[in-house]
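Given next are the chains, with one letter for each unit.
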Amino acid sequence: MSADSKQPQPPPEDGAAATADSTSLLLSHARLTDGRTVDVRLVGGRIEAVGTAGSLAAVGARVDLTGYLLLPAAAEPHAHADTALSADSPGPVSYAPEEVQRRATEAALLQLGHGATAQRAHVRTGDVHGLGPLEAVLQARRSLRGLVDLTAVAVPRLLTGVAGADGLAMLRDAVKMGAGVVGGCPDLDPDPSGYVEAVLEVAGEHGVPVDLHTDGGDPARLARLAAMAGGLRPGVSVGPCAGLGRLPADVARRAADGLAAAGVTVVCLPQGGCGSTERRGSAPVRLLRAAGVRVAAGSGALRDVANPVGRGDPLEAAYLLASLGGLPPEDAYAAVSAEARAAMGLPEVRVEAGFPAELLAVRGERLSGVLSLAYSRIAVHRGRVVARTSAVREYCDSAAALDLPRQARPERPPEPGSPPAGPVVRS
């Protein structure tokens, strides 16, 4: 199988992005999860109309989605932009601004190709690198405007005591620079409760969300965090909370009840951990959902030292939630789309008129098949196609009569020594 993912170049300025948003685009013959085949017209970055296949006229461009399932786009609620794609770096990982910007840009485009049109990236601040990595990620965000919405989370190391005074000042500076979320890992601070209090104070001052790393293995600490965060708007997320899965069931249920009462969202990482948490495992998703906790799923590490094989693929996260976590495919995909968007404070998306045109078309007929083996994808952001990924399997002819779905083969001369042409299957 071969795969090719292409992304258009970012627009040169905001005006170009605005012009693209206002262009009409017709998505024709798309299949929906309820079994209908429809046309969907996009205008001005929103869904203008949804009608039966063939009923809507194309005012501008048209994309034929025959054979594709059309879904609300995925979102990435937990990436690490400053360390992404650094696993194969020779020697120590470079945090030079130009290198961080390059990796962050490439990582964002990889995840866009997977279908995540909105991404939240955690970036460490302080220590010897100061705010350099954050500035690099913010520059990557500016260069990607019009392709993907990238939000930076400032992640200080220490916030309490004499050692944390500089970290706290730097956290405030990070928000002023453009970090849209404040976060961190209270488990690594000598005073975890003091750390959380400091983060909540800065979030309250600037009116930004909170997104904290925690293993969740200490129920008393988690209860204090929930009590402190309860009612904070625009919201608090914690994750990956794999430690909850190692607690006795009754203790884990009480902790989940506390998180639900406080309105705290849990962002789990089905594909593995990240560098800010030392232990692996997965959060008890069904237990949390049963308690009424909103559970979103993220990718965590993307090919860095914490997970050298991390893919950053939201559909893989949904697949793992379904295959290992026991969630129905619809709930598994919601964790990387609707629930992830809600955790990030983004508006709801449905394939209905009036909703944002943040969409993902995946080759396949049903959601279960899409989560299993579908690789061909078309991502739509602000009403225009921003990434297209194609995957093709080619089989050699054999004596056996194979009744396989066949696709038209591009006209090209056979390569010397190539096997006889066989069926071509897109997936």
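Residues numbered from 1 in each chain as written. Predicted model: local features only at pLDDT ≥ 70, side-chain atom pairs only at ≥ 80, totals over all residues. Heavy atoms only, no water.

Quick word on the overall build of the protein chain
Then, number 1: Within the protein chain, the regular secondary structure consists of 12 helices and 18 strands.
Then, number 2: For the protein chain, the residues scored as buried account for 51% of the 427 residues in total.
Then, number 3: Once local pairs closer than 6 in sequence are excluded, the contacts in the protein chain between residues at least 24 apart make up 73%.
Then, number 4: If you sum the accessible surface of the protein chain, you get close to 18,600 Å²; carbon and sulfur atoms cover 52% of it. (Helix = DSSP H or I, 4+ residues; strand = E, 2+ residues; numbered from the N terminus. Buried < 20%, exposed > 50% of the residue type's maximum accessible area, 1.4 Å probe, protein only. Contact = heavy atoms within 4.5 Å. Areas by Shrake-Rupley, 256 points an atom, 1.4 Å probe, with all protein chains shown as cover.)

Focus on the side chain of Arg-103
Then, number 1: Relative to the assigned elements, Arg-103 resides in helix H2 (residues 97–114).
Then, number 2: Setting aside its immediate chain neighbours within four residues, Arg-103 contacts Asp-82, Thr-83, Ala-84, Leu-85, Ser-86, Val-93, Ser-94 and Tyr-95.

What about the sheet that holds strand S10 (residues 181–184)?
Then, number 1: Within the open sheet, the 8 strands sit side by side as S7-S8-S9-S10-S11-S12-S13-S14. Their pairing is parallel. Of all the strands in the sheet, just strand S7 (74–80) and strand S14 (295–297) have a single pairing partner and so form its edges. Across the sheet, the axes of successive neighbouring strands diverge by a mean angle of 25°, strand direction being ignored.
Then, number 2: With 3 bridges connecting them, strand S13 (residues 265–268) and S14 associate as parallel partners. Bridge pairing links Val-266 to Val-295 in S14. (Pairing = 2+ DSSP bridges. Axes fitted to C-alpha atoms, helices over the stretch in contact; angles between N-to-C directions.)

Some remarks on the packing of aromatic side chains
Then, number 1: Scanning the model with the defined rule gives 0 aromatic pairs in all.
Then, number 2: Across from the ring centre of Tyr-95, 5.9 Å away, lies the NZ or CZ of Arg-103, which sits over that ring. (Phe/Tyr/Trp six-rings, centres within 6.5 Å; stacked < 30°, edge-to-face > 60°. Lys NZ or Arg CZ within 6 Å of the ring centre and 35° of its normal.)

Quick look at the packing of helix H6 (residues 219–229) against helix H7 (residues 249–262)
Then, number 1: Relative orientation of the contacting elements H6 and H7 amounts to 10°, with a least axis distance of 8 Å. Overall, the two elements H6 and H7 adopt an arrangement that is roughly parallel. In this structure, H6 uses Pro-219, Leu-222, Ala-226 and Ala-229 to contact H7, whose residues at the interface are Val-251, Ala-255, Gly-258, Leu-259 and Ala-262.
Then, number 2: Considering only residue class, the contact of H6 with H7 consists of 8 nonpolar, 1 polar and no charged. (Parallel < 35°, antiparallel > 145°, perpendicular 65-115°, else oblique. Nonpolar A, V, L, I, M, F, W, Y, C, P; charged D, E, K, R; others polar.)

Focus: the state of the cysteines
Then, number 1: Tallied over the entire structure, the rule returns 0 disulfides.
Then, number 2: Take Cys-268: it sits in no disulfide, and the sulfur closest to it among the cysteines is that of Cys-241, at 9.3 Å. (Disulfide = S-S within 2.5 Å.)

A short note on the confidence of the model for the protein chain
Then, number 1: Scored by pLDDT, the protein chain has a mean of 88; 86% of the residues are at 70 or more.
Then, number 2: Contacts for the low-pLDDT stretch residues 1–21, under 50 throughout, to residues beyond four places or in other chains number 43 contacts.
Then, number 3: Low pLDDT, under 50, characterises residues 408–412; the predicted model gives this stretch 5 contacts beyond four residues in sequence or across chains. (pLDDT = per-residue confidence, 0-100.)

Description of the pattern of salt bridges
Then, number 1: With the rule as written, the count across this model stands at 22 salt bridges.
Then, number 2: Salt-bridge contacts for Arg-41 lead to Glu-48; the nearest nitrogen and oxygen are separated by 2.6 Å.
Then, number 3: By relative accessible area, which is 16% here, Arg-41 ends up buried.
Then, number 4: Put simply, Arg-254 and Asp-250 hold a salt bridge, and the shortest N to O gap is 3.9 Å. Taken together, the positions of Arg-254 and Asp-250, both in helix H7 and 4 residues apart, correspond to about one turn of that helix. (Salt bridge = Lys/Arg side-chain N within 4 Å of Asp/Glu carboxyl O.)

Quick look at helix H10 (residues 329–336)
Then, number 1: Those residues of H10 that sit buried are Ala-332, Tyr-333, Ala-335 and Val-336. Projection of H10 onto a plane perpendicular to its axis shows the buried side chains occupying an angular sector of 150°, all on one side. (Arc of directions from axis to C-beta.)

Section: the side chain of Ser-299
Then, number 1: Note that Ser-299 resides in the loop between S14 and helix H9 (314–323).
Then, number 2: Residue classification places Ser-299 among the buried residues on the basis of a relative accessible area of 2%.
Then, number 3: Side-chain polar atoms of Ser-299 contact the side chain of Glu-76, separated by 2.5 Å.
Then, number 4: Of the polar contacts made by the side chain of Ser-299, one reaches the side chain of Gln-271; its length is 3.3 Å. (Polar contact = N/O pair within 3.5 Å; in protein donor to acceptor, adjacent residues only side chain to side chain.)

Some details on the pairing of strand S12 (residues 236–240)
For a regular strand, side-chain orientation follows a simple rule: the groups alternate between the two sheet faces.
Then, number 1: Among the 5 residues of S12, 5 are classified as buried, and the element is accordingly described as predominantly covered.
Then, number 2: Pairing geometry for strand S11 (residues 210–214) and S12, over 5 bridges, is parallel. For Thr-214, the partnering residue across the bridge sits in S12 and is Pro-240.
Then, number 3: Here S12 pairs with S13 via 2 bridges, running parallel. Each residue of the ladder has a partner; that of Ser-237, found in S13, is Thr-265.
Then, number 4: Handedness of the crossover is the feature at issue here: the chain leaves S12, passes through H7, returns alongside S13, and the resulting connection is right-handed. (Right-handed = clockwise from strand over helix to strand, strands pointing away.)

Let's talk about the environment of Ala-343
Then, number 1: Within the secondary structure, Ala-343 is located in helix H11 (residues 338–343).
Then, number 2: With 134 residues separating them in the primary sequence, Ala-343 and Pro-209 have C-alpha atoms 9.5 Å apart.
Then, number 3: The residues contacting Ala-343, other than those within four sequence positions of it, are Arg-120, Ser-237, Thr-265, Arg-294 and Ala-296.

Overview of H2
Since the α-helix advances by 3.6 residues per turn, residues separated by three or four positions end up pointing in the same direction.
Then, number 1: Compared with the 26 Å implied by 1.5 Å per residue over 18 residues, the 26 Å span of H2 between its first and last C-alpha is a close match.
Then, number 2: For H2, the full list of buried residues reads Val-100, Arg-103, Ala-104, Thr-105, Ala-107, Ala-108, Leu-109, Gln-111, Leu-112 and Gly-113.
Then, number 3: Looking one or two residues beyond H2, the residue adopting positive phi is Gly-115, at roughly 120°. (Expected span 1.5 Å × (residues − 1).)

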